[in-house]
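Survey of secondary and tertiary structure
One-letter residues, chain by chain:
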Number of protein chains: 12
Amino acid sequence: MEKKPHVLVIHGPNLNLLGQREPGIYGTLTLNDINNKITHSANLLGLNVECVQTNHEGVMVETIQQAVGRYDCLIINAAAFTHYSIAVRDALAAVNLPAIEVHLSNIYKREEFRHYSVLSAVVNGTICGFGVHSYILALNAAVSLVGGDRE
Amino acid sequence: MEKKPHVLVIHGPNLNLLGQREPGIYGTLTLNDINNKITHSANLLGLNVECVQTNHEGVMVETIQQAVGRYDCLIINAAAFTHYSIAVRDALAAVNLPAIEVHLSNIYKREEFRHYSVLSAVVNGTICGFGVHSYILALNAAVSLVGGDRE
Amino acid sequence: MEKKPHVLVIHGPNLNLLGQREPGIYGTLTLNDINNKITHSANLLGLNVECVQTNHEGVMVETIQQAVGRYDCLIINAAAFTHYSIAVRDALAAVNLPAIEVHLSNIYKREEFRHYSVLSAVVNGTICGFGVHSYILALNAAVSLVGGDRE
Amino acid sequence: MEKKPHVLVIHGPNLNLLGQREPGIYGTLTLNDINNKITHSANLLGLNVECVQTNHEGVMVETIQQAVGRYDCLIINAAAFTHYSIAVRDALAAVNLPAIEVHLSNIYKREEFRHYSVLSAVVNGTICGFGVHSYILALNAAVSLVGGDRE
Amino acid sequence: MEKKPHVLVIHGPNLNLLGQREPGIYGTLTLNDINNKITHSANLLGLNVECVQTNHEGVMVETIQQAVGRYDCLIINAAAFTHYSIAVRDALAAVNLPAIEVHLSNIYKREEFRHYSVLSAVVNGTICGFGVHSYILALNAAVSLVGGDRE
Amino acid sequence: MEKKPHVLVIHGPNLNLLGQREPGIYGTLTLNDINNKITHSANLLGLNVECVQTNHEGVMVETIQQAVGRYDCLIINAAAFTHYSIAVRDALAAVNLPAIEVHLSNIYKREEFRHYSVLSAVVNGTICGFGVHSYILALNAAVSLVGGDRE
Amino acid sequence: MEKKPHVLVIHGPNLNLLGQREPGIYGTLTLNDINNKITHSANLLGLNVECVQTNHEGVMVETIQQAVGRYDCLIINAAAFTHYSIAVRDALAAVNLPAIEVHLSNIYKREEFRHYSVLSAVVNGTICGFGVHSYILALNAAVSLVGGDRE
Amino acid sequence: MEKKPHVLVIHGPNLNLLGQREPGIYGTLTLNDINNKITHSANLLGLNVECVQTNHEGVMVETIQQAVGRYDCLIINAAAFTHYSIAVRDALAAVNLPAIEVHLSNIYKREEFRHYSVLSAVVNGTICGFGVHSYILALNAAVSLVGGDRE
Amino acid sequence: MEKKPHVLVIHGPNLNLLGQREPGIYGTLTLNDINNKITHSANLLGLNVECVQTNHEGVMVETIQQAVGRYDCLIINAAAFTHYSIAVRDALAAVNLPAIEVHLSNIYKREEFRHYSVLSAVVNGTICGFGVHSYILALNAAVSLVGGDRE
Amino acid sequence: MEKKPHVLVIHGPNLNLLGQREPGIYGTLTLNDINNKITHSANLLGLNVECVQTNHEGVMVETIQQAVGRYDCLIINAAAFTHYSIAVRDALAAVNLPAIEVHLSNIYKREEFRHYSVLSAVVNGTICGFGVHSYILALNAAVSLVGGDRE
Amino acid sequence: MEKKPHVLVIHGPNLNLLGQREPGIYGTLTLNDINNKITHSANLLGLNVECVQTNHEGVMVETIQQAVGRYDCLIINAAAFTHYSIAVRDALAAVNLPAIEVHLSNIYKREEFRHYSVLSAVVNGTICGFGVHSYILALNAAVSLVGGDRE
Amino acid sequence: MEKKPHVLVIHGPNLNLLGQREPGIYGTLTLNDINNKITHSANLLGLNVECVQTNHEGVMVETIQQAVGRYDCLIINAAAFTHYSIAVRDALAAVNLPAIEVHLSNIYKREEFRHYSVLSAVVNGTICGFGVHSYILALNAAVSLVGGDRE
């Protein structure tokens, strides 16, 4: 019997405030609501999923490092770290796992400094602008990426 | 009985060469193969889909204009036009239909001039880097966007 | 009996959507309404006027080329092409007809990329920000330019 | 009986030298000649017009400030101030009167620093490149702007 | 008996319009109201204060020059001059009096050209964004600066 | 009986070294000395104040997050984080509490990279260059901000 | 008997005006004259040559696409498209035929925006500044490139 | 008997403070001392000289304008205006008198914004860095320029 | 008997992955291997050495702060933090210990963003590109720096 | 009997290493081989040719200077000097001989700093990317340039 | 009897062509003519002068180095080297002799790359735009500089 | 018996002035002193070393070229050439010998133009900021590089 692929979803700084923070931009769902939706969709897609959130760059770096051997794919919404954390970039490049960059909002409609991601060049692909559905699309993408690796 | 949502997939310049052109970047599937996969997935997702390709900016502009009233959602891989066609941007902004920007390759791993899209700020969201699967994810996104409008 | 000067008004991409497209920026008049107003004013000013619209850069280039010998003055609202079409610029420079650049909206109140025109340096003058009245002012300017050449 | 709209024409630094200064760029008319032409056209258009010239930024600022309640529309050729006087910009923004930016020469054919205006974003529209006729066109524009407010 | 420190408050161009000009940004108090509040607070803080306003760069330069020997501290809201008047900067550097830069609005929330001050490097400190209270805080700062010099 | 407003003062990285570190720039007071002065002034102003210091971006982010409901106003000297921590910026924007940016030194007299703050656009106002007195002025500003909200 | 190599010469927008347009820059020969000279030289060099001109970017893209299997080498003077048409660049990169970029004038003596070519990095080499002789040199270059492939 | 050439020396903003202002940069001579030295040297060189100083841009503009017909040559130390006053530049260009730009200090050893002069392109030549002797050298230059015109 | 100088070697984020991460760039030695080589060389050079690694910016800042009084010299490979952590820079500047910046790879052969170090201006010197030998060279440099201070 | 035109071919720094240096970029021919090919082709074209190489900018400058009166045309591959030697540019501009800029490799496929030539604006034309054949094409161009002058 | 000050005049690359090269910019005098004028003026001013010219950067560097102890002042027209030779700059900074930068033409009226001098920050002052008279003015400046040092 | 590796140390322009030139930056040792120290250390490390200095770019280029076959490793302090000599860069890239870039001073504490080296990307590694000890460290690095190649 085949083992289900394991996917780790990493939420970055201030995403723990979802539902409270600027609902005009981020919607009214809490992070818990979102994680429930992610888990639900993952189940339908035959994926094991775990969700973590951190406001600490170092913790994000180590979460990525420790994913090796335990997860088959990363889905990462690095939030503010997207735009300057070369440490997170280096971690993603180092572990060499399939990885998907996700954003809730369309970052190209916001401040100019949010248009540039230091992570994009070291992930497989990016999905941005679909609200919580960005994560669900990323799970679909994970199926295609991890499936590709497994067959 | 509810009408299926209609989705228009627009492929930009040189995508008619897919399968021949730089397979290291774009894969070996032809545009026909891709359109078949798109149609197949659309059926599964309960969408009506039509696929067009053009190498002419003016045709792309008019294709977008004429989508009003005939399609519920646009999926657009504008290829080279992504990076300079303000005319295509203005068309997307003018018709005000849900729209999803798609790229086969991860444009952030390529030449620097491909990192900037003039379209991103006027679409709902972007999906890039998953090869042909980028289109399938966009169909999923379309379901959520058009569904969101219909419920 | 003196021949009336002939003026060609060229409308660029997406201006065929006027009245539908972003009325907050462009007003509620359709292109037809505008052309009627232009024709009406031209008559009062003793000008023959013809109005064309195109979404195709190549067509705009050739419309300009073919104006030589048939028109005495060009009035051009190149819309999106204003900002990147060096082909349109070269056509204007090549035909060497009196030419007036027109914009409906005040482009300096909009996105930064709309502040720069590749055409301005090869026309006689520019008029921008007065809505449909921009065209009427351009007709007045044409009278002064073409009259200046004819006396 | 309806009161005629009052228009104030403001000429900026060094325009008092017109006719003497670089006639290849600015023509051979003196400022007096131009003001006479402006007054003549204003009469035909049913406008009351007053023309002032100053070489002092502070005087231009106060002229704009004091126009409130006395004039219905401003026509301003700020000359050199166009390119750096944020004080003039702030004055125009503060008084919130209809305002039209005018240039005699086509500033886009001249030195690069003349291509940028700090005023354009706070006026209704701009007219540039038609020599003395730029002012006459601005009077026409004023009719449309002030008329729009009066009807 | 100790002499009270003398403080000169200098208001720059267009601040004479306060209360009328863009109240969404600057509030509804007139300059007179503000000067009254400044005087009231100065009295409480044991300061002699004088308030002047000018729309003329040259007058501002000379006001700063002539403060030497008559005032112990300058509080300056240079308004538009903040962003380009090197003459005002040179005057501040030349007189070498304690000086405090003040802004009513948070200039970092406004147009990008307002984010840069040519004065900041030659004053003791800056206070910005607290409306009329910016001046009151500057008076407090003056107490600490002039007191520091006097003890 | 009215509750005193609660103010949280957040000191950023390396400020725990105050008194030792580059006294030419930062003065000879230790952070403890400064906190005592802050507390003393807060008492005089009728404010409850708490002071925290951290060298960890993640801790600063969470300190800001957890201020909601416990403090009425934030005073933040983010030190080095001022110039690059978008995570801190996002936290400030998310909690939507009145916030005041403070700097001991005049950052405009120092290295060019210190002239730019990523935080300024999301706080109410900034105070910089008055040494320890910058904090006292910020307490005064807090009185005006929090008082403004309470009356 | 060996087949002669086939070379396609592609002339870009506004080159159909040659002989009329800015003869100071482009000379007095018409495009027909030039094509005759090209054909004459090609015969001497043992090449089959065909010459096409288009003002339409999309037509140029498709002309390049359809050259595969029909021509052994491309000579392209993309005129204005040189400076912005990434679609033409992508077509050249996709067909992977030997290609030579040609310019009549020395583009480095003209406006700064003409100094940059988006095509140069995807052709074999460039020849510019020799008037009609640029094409003859390109034919010589074609002999060396195609000969190199045939031996 | 030949008329002596007339030279006008124009000192810009804050130069009235010479001797007091930053003597490390500008020396200890007052403007009066300098003018005396200038007059003394002018006499030796057979020149009539007049010296004026102003802190007002508008006055400097008009001083330049009114020099026509009264002076044969201008020597101008525009001080701060050097770096931004396009109005002064336009005045110099308009009067078309021989003109010499002078600076006391070596502006290339100072802040970067002082390295750029908006005036240099419209004067005959520049002399900078020799303290008061810069003016004496300019008088010598004037002899050669005005003499050159007279012989 | 003289005390041996104490040297602290600080390894930055993701260096704990050495040997696993991109061996083409960083070699196959693990961090443990490298620390053993460092210790071995330090012994030969008469140095006491301690090696620490952290993925947390805040920990690196505090490690530097706490080195005062316990170490005579710092050797720091800040990895990703090299390029943006002003907090680490401020810590190095504050403790004012001899410090040596080290890189395993030649950062000038890698992505452009790795060419710039925010730390270089506050250390004594930099050594980069010699793999693990970069650390050994830094120990030699430490001998010269600390010896220089001690003799 | 007509004198053959004399052409001087100037090879710049490090071209004496051809055949050894980076054959992937420059091919396996030595400079001697190339000079033989050049001489052979020159003979066929009825040209006298001389070839020189230098690694010294000053020697290149003087070689260009001394070509006046001795050569009818220059062919120059300035190698590294292409990108920064304004002295070589000035020499080319000063001698005012027909001159052709040549590059072996396609400089637009290499490092970005090689995309810009300080020489292009002062030569007749440029030929780049055809390996040794670039020189042969330049000889052909020389025939057309010098022939044009001689007929 | 007092020794006359010794002045070395250094002419840079291509100045040996003066009189032949672009007389519209540089005049018709040969370098020999200019040196004679310099010597003549130096005699009148009580200076010993020697004039050298070189096209070689290394020779210019060594000429500057060897001036120490033999000359009291340098007058340098570095021509093209002005704009990029940091080696010449370092030589001037190292010898620490009074030095005057000279240009024949007004470099601010020429190509933009000629507006920037790498030498200006390490000389005493600059004189530019007065043709051969620039050197005579520099001799005058030398008198003031060397006299200043000797008294 | 094994041959000792041969190392060539190349000193660039103005380093012959060491000990005289700006001792605050470069120390008081002469170049001779430094070469003696280098030779002494080389002997201890089992290296044959030769030291050369040149102020001529062309000589440096040829010194590098001629090192092939005679030296096993280059140590280069290119001084001013570091920042612009692409000819030196090309020579280093062409000879493909192990090479080490050295600087006496910490170039990152000096003028901004000294922060960028055109050489770094073509050497093995760089060492900067340790005064004469930079060379000794480079000798150590050479041992590791040449040893690495020989085993």
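Residues numbered from 1 in each chain as written. Chains lettered and ligands numbered in written order. Predicted model: local features only at pLDDT ≥ 70, side-chain atom pairs only at ≥ 80, totals over all residues. Heavy atoms only, no water.

Brief notes about the packing of helix 3 (residues 57-65) of chain F against helix 4 (residues 86-95) of chain F
Between two packed helices, both the angle of their axes relative to each other and the distance between the axes serve to describe the pair. Residues and elements named next belong to chain F. Note the threshold: Only the contacting stretch of a helix is used when fitting its axis, a line to C-alpha atoms as for every element, and angles between N-to-C directions run 0 to 180 degrees. Secondary structure elements follow DSSP: runs of H or I no shorter than four residues count as helices, runs of E no shorter than two count as strands, and numbering proceeds from the N terminus. An angle counts as roughly parallel when it lies under 35 degrees, as roughly antiparallel when it exceeds 145, as roughly perpendicular when it falls between 65 and 115, and as oblique in every other case. The contact criterion used is simple: two residues touch if any of their non-hydrogen atoms lie within 4.5 Å. Think of it as three bins: nonpolar holds Ala, Val, Leu, Ile, Met, Phe, Trp, Tyr, Cys and Pro, charged holds Asp, Glu, Lys and Arg, and polar takes everything else, Gly as well.
With their axes 9 Å apart at the nearest point, helix 3 and helix 4 run at an angle of 5 degrees to one another. On the basis of their axis angle, the class for helix 3 and helix 4 is roughly parallel. Of helix 4, the residues touching helix 3 (which contributes E57, M60, V61, I64 and Q65) are A87, V88, A91, L92 and V95. Looking at the contact of helix 3 with helix 4 residue by residue, the classes come out as 8 nonpolar, 1 polar and 1 charged.

Section: the interface of chain A and chain B
The line we're drawing: Accessible area that two parts lose when put together, with a 1.4 Å probe and added across both, is what the buried area reports. Within this document, salt bridges are pairs made up of a side-chain nitrogen of Lys or Arg and a carboxyl oxygen of Asp or Glu, the two lying within 4 Å of each other.
Facing the 20 residues of chain A at the interface are 20 residues of chain B. Across the interface of chain A and chain B, roughly 1700 Å² is buried in total on both sides, 58% from carbon and sulfur atoms. Of all residues in chain A, the largest losses of buried area upon contact with chain B belong to Y108, T126 and F130 of chain A, amounting jointly to 31% of the total for that side. Counting across the interface, chain A meets chain B through 0 salt bridges.

Some points on the nonpolar core
Spelled out, the test is: Side-chain atoms within 4.5 Å are what join buried Ala, Val, Leu, Ile, Met, Phe, Trp, Tyr and Cys residues into a set we call a nonpolar core. The buried label applies to any residue whose accessible area, calculated with a 1.4 Å probe on protein chains only, is under 20% of its type's maximum; exposed applies above 50%, and partly exposed to all values in between.
Counting residues in each nonpolar core, the largest one holds 73 residues, and the members touching the most others are I64 and L74 of chain A, I64 and L74 of chain F together with I64, L74 and L92 of chain I. I64 of chain F has contacts with I10, L74, I76, V88, A91, L92 and V95 of chain F, leaving out every residue within four places of it along the chain.

With respect to the relation of the copies chain C and chain G
To keep things clear, this is the line we draw: Superposition of the copies was done by least squares, using only C-alpha atoms of residues whose pLDDT is at least 70 in both.
Under the fitted operation, chain C is carried onto chain G by 0.0 Å of movement along the axis and a turn of 120 degrees, and the coordinates agree to an RMSD of 0.0 Å. A rotation of that kind, with that shift, is consistent with a three-fold axis. Comparing contact sets, just 13% of the residues at the interface of chain C also lie at the interface in chain G, consistent with a heterologous contact between different surfaces.

A few points about the pattern of salt bridges
Counted under the stated rule, the structure contains 48 salt bridges over all chains. E111 of chain A is the salt-bridge partner of R114 of chain A, the closest N and O atoms lying 2.8 Å from each other. In this structure R114 of chain A comes out as buried when scored by relative accessible area, which is 4%. Classification of E111 of chain A by relative accessible area gives partly exposed; the value is 28%. Of the charged contacts, one joins E111 of chain F and R89 of chain I as a salt bridge, the two residues approaching to 3.3 Å between their closest N and O atoms. With one member in each of two chains, E111 of chain F in the loop between strand 4 (99-103) and strand 5 (125-128) and R89 of chain I in helix 4 (residues 86-95) form a pair that bridges those chains.

Topic: the sheet that holds strand 4 (residues 99-103) of chain L
The criterion, for reference: DSSP-based pairing: two strands are paired if at least 2 bridges between them are found.
Pairing is mixed across the open sheet formed by 10 strands, whose spatial order is 2(I)-1(I)-3(I)-4(I)-5(I)-5(L)-4(L)-3(L)-1(L)-2(L). Edge positions in the sheet fall to strand 2 (48-53) of chain I together with strand 2 (48-53) of chain L, since each has one partner strand and no second. Each neighbouring strand pair of the sheet contributes to a mean axis angle of 20 degrees, computed without reference to strand direction. Pairing analysis gives 3 bridges linking strand 3 (residues 73-77) of chain L to strand 4 of chain L, with the strands arranged parallel. Within strand 4 of chain L, the position partnered with I75 of chain L by the bridge is I100 of chain L. Running at roughly 165 degrees to strand 2 of chain L, helix 2 (residues 31-44) of chain L makes contact with strand 1 (6-11) and strand 2 of chain L of the sheet. Where helix 3 (residues 57-66) of chain L meets the sheet, its contacts fall on strand 1, strand 2 and strand 3 of chain L, and the angle it forms with strand 1 of chain L comes to roughly 175 degrees.

Regarding a nonpolar patch on the surface
Let me state the cut-off plainly: For patch detection, residues must exceed 30% relative accessible area and be free of salt bridges, and they are connected within 9 Å for like charges or within 5 Å for nonpolar side chains (Val, Leu, Ile, Met, Phe, Trp, Tyr). Note on areas: Shrake-Rupley with a 1.4 Å probe; residue coverage comes only from the protein chains shown.
A surface patch of nonpolar side chains, about 250 Å² in accessible area, is lined by L44, L45 and V143 of chain B. Turning to its location among the elements, V143 of chain B is positioned in helix 5 (residues 133-150).

Things to note about the interface of chain C and chain G
Worth spelling out the cut-off: Polar contacts, as counted here, are pairs of nitrogen or oxygen atoms within 3.5 Å of one another; within protein the pair requires one atom able to donate a hydrogen and one able to accept it, and residues that are adjacent in sequence qualify only if both atoms are side-chain atoms.
The interface is formed by 15 residues belonging to chain C together with 16 residues belonging to chain G. Interface area for chain C against chain G, summed over the two sides, is near 1300 Å², with a carbon-plus-sulfur share of 52%. If you sort the residues of chain C by the area they bury against chain G, Q65, I86 and D90 of chain C come out on top, with a joint share of 38%. For the interface between chain C and chain G, the tally reads 2 salt bridges. Put simply, chain C and chain G have 9 residue pairs in polar contact (both at pLDDT 80 or more) between them. It is helix 4 (residues 86-95) of chain C that contributes the most residues to the side of chain C that touches chain G, 7 residues altogether. In the side of chain C that touches chain G, the residues fall into 8 nonpolar, 3 polar and 4 charged.

Notes on the environment of N35 of chain J
Residue and element names in this part refer to chain J. Tracing the sequence through the fold places N35 in helix 2 (residues 31-44). As for N35 and E50, which are separated by 15 residues in sequence, their C-alpha atoms are 8.7 Å apart. Apart from residues no more than four positions distant in its own chain, N35 is found in contact with H11 and C51.

Quick look at the packing of aromatic side chains
Let me state the cut-off plainly: Each aromatic pair joins two rings of Phe, Tyr and Trp (for Trp, the six-membered one) with centres within 6.5 Å, and gets the label stacked for planes under 30 degrees apart, edge-to-face for over 60, and tilted for any other angle.
Within the structure shown, the criterion is met by 24 aromatic pairs over all chains. Ring centres of F81 of chain I and Y84 of chain I lie 6.1 Å apart, and the angle between their planes is 80 degrees; this geometry places the pair in the edge-to-face category. Taken together, a centroid distance of 6.1 Å and an interplanar angle of 80 degrees make the contact between Y84 of chain J and Y84 of chain K edge-to-face. Residue Y84 of chain J is located in the loop between strand 3 (73-77) and helix 4 (86-95), and its partner Y84 of chain K is located in the loop between strand 3 (73-77) and helix 4 (86-95); the two belong to separate chains. As far as the burial class goes, Y84 of chain J and Y84 of chain K line up, both buried. Joined through ring pairs, the aromatic side chains of F81 and Y84 of chain A, F81 and Y84 of chain F together with F81 and Y84 of chain I make up one cluster.

Considerations on helix 4 of chain F
All names here are of chain F. Of all 10 residues in helix 4, 9 are buried; the element is thus mostly enclosed. Burial in helix 4 covers these residues: I86, A87, V88, R89, D90, A91, L92, A94 and V95. For helix 4, the elements touching its buried residues are helix 3, strand 3 (73-77) and strand 4. Just downstream of helix 4, N96 is the residue with a positive phi angle, here 60 degrees.

A closer look at the sheet that holds strand 2 (residues 48-53) of chain A
Sheet architecture is open: 10 strands sit in the order 2(A)-1(A)-3(A)-4(A)-5(A)-5(B)-4(B)-3(B)-1(B)-2(B), paired in mixed fashion. Each edge of the sheet is formed by a strand with only one pairing partner; in this case those strands are strand 2 of chain A together with strand 2 (48-53) of chain B. Going across the sheet, the axis of each strand differs from the next one's by a mean of 20 degrees, ignoring polarity. Relative to strand 3 (residues 73-77) of chain A, strand 1 (residues 6-11) of chain A is paired through 5 bridges, and the arrangement is parallel. If you follow L8 of chain A over to strand 3 of chain A, its bridge partner there is L74 of chain A. Against the sheet, helix 3 (residues 57-65) of chain B makes contact with strand 1 (6-11), strand 2 and strand 3 (73-77) of chain B, and its axis sits at roughly 170 degrees relative to strand 1 of chain B, the strand it touches most.

Considering the relation of the copies chain A and chain B
Between chain A and chain B, the superposition needs a rotation of 180 degrees and an axial shift of 0.0 Å, giving an RMSD of 0.0 Å. The two molecules are tied by a two-fold rotation axis, judged by turn and shift. Looking at the rotation axis and the C-alpha trace of chain A, the residue lying nearest is I127 of chain A, at 2.3 Å. A share of 100% of interface residues in chain A that are also interface residues in chain B marks the association as one of identical surfaces.

Quick look at unusual backbone geometry
Backbone geometry at A79 of chain A places phi at a positive 50 degrees, although glycine is not the residue there. Mapped onto the secondary structure, A79 of chain A falls in the loop between strand 3 and helix 4 (86-95). At N14 of chain I, a position not held by glycine, the phi torsion is positive, near 75 degrees. Relative to the assigned elements, N14 of chain I resides in the loop between strand 1 (6-11) and helix 1 (23-26).

Here we look at the side chain of N140 of chain B
Inspection of the secondary structure puts N140 of chain B in helix 5. Apart from residues lying up to four places away in sequence, N140 of chain B is in contact with H133, L137 and N140 of chain A together with L45 of chain B.

Let's talk about the pairing of strand 4 (residues 99-103) of chain G
Residue and element names in this part refer to chain G. Filter applied, for reference: Think of it like this: strands point away, you trace from the first strand over the helix to the second, and a clockwise trace means the crossover is right-handed.
With 5 of 5 residues buried, strand 4 lies mostly within the body of the structure. Neither face of strand 4 is left uncovered, since the one carrying A99, E101 and H103 and the one carrying I100 and V102 both have all their residues buried. Handedness of the crossover joining strand 3 (residues 73-77) and strand 4 through helix 4 (residues 86-95) is recorded here as right-handed. Alignment of strand 4 against strand 5 (residues 125-128), held across 4 bridges, turns out to be parallel. Paired with E101 across the bridge in strand 5 is T126.

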